[in-house]
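Residues per chain are reported as follows:
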Amino acid sequence: MTPPTPATPATPSNLSTPAHPVDDRLLPADGAGWRPGSATLDLRLAGAAPAALHHLEVDVVLGVDLDERAGILDVDLVGLPPELLAWLSRYTAPADPSARCGSIALDQDAAWLWLHVRDGRRASRHRQPALVRFSFAGPRLVAVRAVPG
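Predicted model only: the values in this text are computed from it and were never measured.

K.L.:
What am I meant to see in the overall build of the protein here?
P.N.:
Counting its regular elements, the protein contains 1 helix and 9 strands. For the protein, the α and β elements follow one another from N to C terminus as β-β-β-β-β-α-β-β-β-β. Among the 149 residues that make up the protein, the fraction classed as buried is 42%. Look at the contacts in the protein between residues 6 or more apart in sequence, and 61% of them connect residues 24 or more apart.

Okay, here's the thing in C-alpha cells:
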C-alpha cells in the first residue's frame, strides 16, 4: 500500500508503514524546544520533514522532563483520544519496558505517548494541561507543538 496522494484524505487505515526502521527522533525546533516563560513545547522530526502534512489538535496532559540546563529529556502526553491513537498506532510499544526501542513509544491502553529527546539526568519536571498539535507526514509523526490548555 502506498501513502495517500494529496487528493486522497489521509486516514490511519490508508497509510503504509515502511518495512525498515526510519529515524523518527523529534528534536527541539530551532534550538527552542521548551519555553518556560510561555510553557510551550515545539519538537520537530530530525532532518527535513515532508511538505504534505495532516494535523490533529487535542487536549492532553503534558509532562516535560528537563535537565539542569533546561534541555528536554523526555515528553509524556497523557489522555490521548481514540482518533489520535489510531494515527500513532505504528509507535505502539511492547508491554515490557525493557523490550522497547526507539525514541517514540505509545501505550494504547493508557492512552499515553512517550517521546525521548535525549539521555540525561532529570533535574525538573513540568506537568500541565495543554492543547497539542500533532503533525503527520503519511504515517510518521513529524512535529509536536503544545501550548497551555
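Okay, back to it.
K.L.:
Looking at this structure, I do not really get the pattern of salt bridges. What am I missing?
P.N.:
When the charged atoms of two side chains lie near each other, side chains of opposite charge can form a pair. Summed over the entire model, instances satisfying the criterion amount to 6 salt bridges. Linking arginine 125 and aspartate 76 is a salt bridge whose minimum nitrogen-to-oxygen distance equals 2.9 Å. Pair noted here: arginine 125 is in strand E8 (residues 124-137) and aspartate 76 is in strand E5 (residues 72-78), with a separation of 49 residues, a long-range link. Looking at arginine 125, the relative accessible area reads 32%, which means it is partly exposed. Here the residues in one salt-bridge network are Asp65, Asp76, Arg122 and Arg125, joined through shared partners.

K.L.:
Got a minute to help me understand the pairing of strand E9 (residues 140-148) in this structure?
P.N.:
Regular strands place their side chains on alternate faces of the sheet. Here strand E3 (residues 40-45) pairs with E9 via 4 bridges, running antiparallel. Looking at E9, one finds that leucine 41 is bridged to alanine 146. Bridge analysis of E8 against E9 gives 8 bridges, and the strand direction is antiparallel. Of the residues in E9, the one forming a bridge with alanine 130 is proline 148. In textbook terms, the turn of a hairpin is the stretch between consecutive antiparallel strands, and for E8 and E9 this stretch comprises 2 residues, one of which, glycine 138, has a positive phi near 60 degrees.

Conventions adopted
- Residues numbered from 1 in each chain as written.
- Predicted model: local features only at pLDDT ≥ 70, side-chain atom pairs only at ≥ 80, totals over all residues.
- Heavy atoms only, no water.
- Helix = DSSP H or I, 4+ residues; strand = E, 2+ residues; numbered from the N terminus.
- Buried < 20%, exposed > 50% of the residue type's maximum accessible area, 1.4 Å probe, protein only.
- Contact = heavy atoms within 4.5 Å.
- Salt bridge = Lys/Arg side-chain N within 4 Å of Asp/Glu carboxyl O.
- Pairing = 2+ DSSP bridges.

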